[in-house]
Amino acid sequence: MENHNYTMDDIEKFIKDYKLSQQSKSKDWMLSLPIVGKRMYEKAYLEETKRDFFEKKYDEMLNASLEEQQDFIKQMSPVLDEFYNEAGNNSKKR
């Protein structure tokens, strides 16, 4: 497990990066919709639901106490670690 010291700004950047990564993936699955159809739609819907959750929670935490923000950052750290590690691994494959 990695130990990064993230900030609310880092989480804001993650949400933007996550949204961009999902938009590019959605273009890919749209091309294969007739073949794969339902499964890809369900996956895209799940990703959109996760993104909405992250955005809503982030917005909520902007007005929270410092302690609540720190707890939120601690909970989000593994998500950011995984996302950026995966993104780094994908860029190395190119």
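Residues numbered from 1 in each chain as written. Predicted model: local features only at pLDDT ≥ 70, side-chain atom pairs only at ≥ 80, totals over all residues. Heavy atoms only, no water.

(A) Structural view of the packing of aromatic side chains. Evaluated as defined, the whole model comprises eight aromatic pairs. Ring geometry for Tyr 18 against Phe 54: centres 5.7 Å apart, planes inclined by 75 degrees, an arrangement best described as edge-to-face. Of this pair, Tyr 18 sits in helix α1 (residues 8-31) while Phe 54 sits in helix α3 (residues 38-62); the two residues are 36 residues apart in sequence, bridging distant segments of the chain. A residue is classified by how much of its surface remains accessible, and Tyr 18, at 6% relative accessible area, is buried. Look at Phe 83 and Tyr 84: their rings are 5.0 Å apart centre to centre, the planes differ by 80 degrees, and that puts the pair in the edge-to-face class. When its relative accessible area of 16% is taken as the criterion, Phe 83 is described as buried. A connected cluster of aromatic rings, assembled from ring pairs, spans Phe 14, Tyr 18, Phe 53, Phe 54, Phe 83 and Tyr 84. (Phe/Tyr/Trp six-rings, centres within 6.5 Å; stacked < 30°, edge-to-face > 60°. Helix = DSSP H or I, 4+ residues; strand = E, 2+ residues; numbered from the N terminus. Buried < 20%, exposed > 50% of the residue type's maximum accessible area, 1.4 Å probe, protein only.)

(B) Local environment of the pattern of salt bridges. Per the counting criterion, the structure on display carries five salt bridges. A salt bridge links Glu 55 to Lys 19, with the shortest nitrogen-to-oxygen separation between them at 3.3 Å. A residue pair is termed long-range when its members are at least 10 positions apart, and Glu 55 in helix α3 and Lys 19 in helix α1 qualify at 36 residues. Salt-bridge contacts for Lys 57 lead to Glu 60; the nearest nitrogen and oxygen are separated by 3.3 Å. Of this pair, Lys 57 and Glu 60 both sit in helix α3, separated by three residues, roughly a single helical turn. Classification of Glu 60 by relative accessible area gives partly exposed; the value is 48%. (Salt bridge = Lys/Arg side-chain N within 4 Å of Asp/Glu carboxyl O.)

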